[in-house]
Every structure is written in structure tokens, then in C-alpha cells.
Amino acid sequence: MRIFITGGAGFIGSHLCEELYYKIPNSKLLILDKITYAANKKFISHILKDKKRVEFIKADLIDSKKYQNKIKNFDIAINVAAESHVDRSFNNSILFTKTNTLGAHIFFQTCLNSKIKKIIHVSTDEVYGEKTKGSFKEIDNLNPTNPYSASKAAAEIIINSYKFHFKSNILIIRGNNIYGKRQFPEKLIPSCIYNLLNKKHIKIHGNGKNIRCYLSVNDFTNAIYLLIKKNKIGIYNIGNNKYFKNLEIAKLICKKLGSNPKKSIKFINDRPFNDKRYSINISKIKRLGWKPKKNLVNDIETIVEWYKKNHKVFKNKLTNF
């Protein structure tokens, strides 16, 4: 099986490359990454040593000339590449549209031109917008509320239209907030850890009562592997039903690092619009035998230990998070 993965040196992408490399032993991986501030080739250095099975291209997703000839007749192409930090999307929305919408569109079209058998697009649960009660199903309408989620929703609309006139095998995956090792310290969990390790305040938007679900990156990549194994198409929510307020996350990390929450947490101005709660229904993928196995409360100690050993990896790329 020949698999093309974009964003493969990033947080989720690097874990997905590992998942497919080890779970599909006869596979050949072509990994593309632009190596932005959030990516690091070292994350996949151990599999890059296998020159027979793994090839890496440093390139922008938009520059299809760099990869179009290499992916002809591949079995699967997976688009993980994205700008994903909501805060940054408010100040630099054009970049998000360029990467997440135009970049994804070029990726889709290049895959079709190269006659790739199956296209997988990694999206986000944020395309649904906020859900104060209940959970969104895959058939529900999209209602993004920030430039990041809007750019991801636009990409979905474009790729979804391809199934009508190109009759393509397309799989769209909408995931929860993903947590784990290697995540750049701009997202809540790693930023809390990084700031405490570097004797800085944890910064919490508004009153910290916004609610999110958190899914382990290992559970997420395992779900993608299962969908590939079962050759599924369409749209699948992949998530968890464990809810946390942002403030609860900050306090949990303070406890693990022995910090006083009252002294360590600083409340800052809220985002222009901050969704109160995200929630997705995962019944569809659970019917395939998948369910989340990891638990954030149990995993947080391992994640903290990883950042203690590796937080300097991000030092030169951080400005003011």
C-alpha cells in the first residue's frame, strides 16, 4: 500500500505516520511537510531511517509540482496539513484560507489528476460551531464561528462536491481537540505545561468556563487506521465524551507540576467569539468497534514528563503565547 501524508512532521501528522508505518508493515509512505513553526522533522526521524519504505519532501501543499509526479496511482492520500490555532486565525485569516482551503483544494485536485484511489481529509469538530446541549451528528449543518473553522469548513464543502462529478472515494474526519506529546505550546494543554516549566503564568481566556472534549492523539490515529482498514468513505466524527472546562485543565496541570493555581493562572481578555461548548456524536464510528481507550487525567503525567525533557525543542519558535 502506497500512502501520501501531508503535514507529516507536525503533531498529529507525525503520530499518524508512526501509526501507519507500524500497523501496515508493507506500506510505503511519502511524507510532505512545509516545516512551519509547529512541525519538526525530528518527530519522525526514526521512521525516516527506513529509506526503502519512507520518503520525505519539504514543500508547501500549494506547490503541487513538488509532489504530483511522485503520487501517481497511490492507494491513499491523507491531508493532515493545516494552520490550526484559532487565536492566530483572527489576526491572520488570509494565511488560514490559503493553507486550509486553497491548499486543501490543490491537494484534492492533484490527487484526482494523479489517479489516487482514496482521499482522506482531516477536518475538525469546530466546523459545526458551538453546541450548548446535545451533540452534533455527521449529517448536521456546518456553522463555523471563527476564521480557522471557516477555512476548514470551506475545504470540506469543496472536497465533498468532488464525489458527485468525479465519483471519488472520499473520507472526511472530524475530530475533537487532540492532545498528546509533540504538540506546539500554543494550544491549551501544552501551553499550560510549557509556561509553568518556564516560570510563566498560564493564560486563560475569559472566565475559563468554556467546555471542550479532549481526545488522545493515539486514539485519533488508531481510528483513522481502522477506517482505512475497513475501507470506509463518507464523514466520521472521532471524539470523546469526557468534558473539561478550560480552567479545570489549567488546575489539573498546576497540580501535576506542584504549582499554586491562584498564583499561576492569569485570566486574559476573551477571544472575539469563543464557542462555549463543542460536542460531537461518535455513534457511527463506535459501530465499527472503535472507542477511545485513553484518558486525559491518566495521560497528563506522561505528557508533562515529555515536555520536561523536550520543551526546549520549541524555545526558538515561540514568541508570545
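For clarity, every value in this text was computed on a predicted model and none was experimentally measured. (Residues numbered from 1 in each chain as written. Predicted model: local features only at pLDDT ≥ 70, side-chain atom pairs only at ≥ 80, totals over all residues. Heavy atoms only, no water.)

Caption draft 1: Focus on the nonpolar core. L20, I31, I78, F220, I238 and I285 are the most contacted members of the largest nonpolar core, which has 44 residues in total. Counting residues per element, this core draws most heavily on helix α7 (residues 217-229), at eight residues. Apart from residues no more than four positions distant in its own chain, I285 is found in contact with A223, L227, Y236, N237, I238 and W290. Counting 27 residues, the second largest nonpolar core, distinct from the first, contains I193, L252, C254 and Y307. (Core = buried A, V, L, I, M, F, W, Y, C linked by side-chain atoms within 4.5 Å. Buried < 20%, exposed > 50% of the residue type's maximum accessible area, 1.4 Å probe, protein only. Helix = DSSP H or I, 4+ residues; strand = E, 2+ residues; numbered from the N terminus. Contact = heavy atoms within 4.5 Å.)

Caption draft 2: Geometry of the sheet that holds strand β3 (residues 54-58). Across the sheet, which stays open at both edges, the seven strands sit in the order β3-β2-β1-β4-β5-β6-β10 with parallel pairing between neighbours. One side of each edge strand has no neighbouring strand; the edge strands of this open sheet are β3 and β10 (234-238). Ignoring which end each strand starts from, the neighbouring axes of this sheet average 15° apart. Looking at chain direction, strand β2 (residues 28-33) and β3 are connected through five bridges and run parallel. Pairing of D33 across the sheet is with K58, part of β3. (Pairing = 2+ DSSP bridges. Axes fitted to C-alpha atoms, helices over the stretch in contact; angles between N-to-C directions.)

Caption draft 3: Region of the structure containing the sheet that holds strand β9 (residues 211-216). Strands sit in the order β7-β9-β11 across an open sheet of three strands; the sheet is mixed. In this open sheet, the two strands that pair with only one neighbour each are β7 (177-179) and β11 (243-245). Taken pair by pair, the neighbouring strands of this sheet meet at an average axis angle of 50°, ignoring direction. Here three bridges tie β7 to β9, and the two strands are oriented parallel to one another. Looking across to β9, one finds that N177 is bridged to Y214. Packed on one face of the sheet, helix α11 (residues 296-310) meets β7, β9 and β11 and runs near 45° to β7.

Don't take any of this as a statement about function, it's just geometry.
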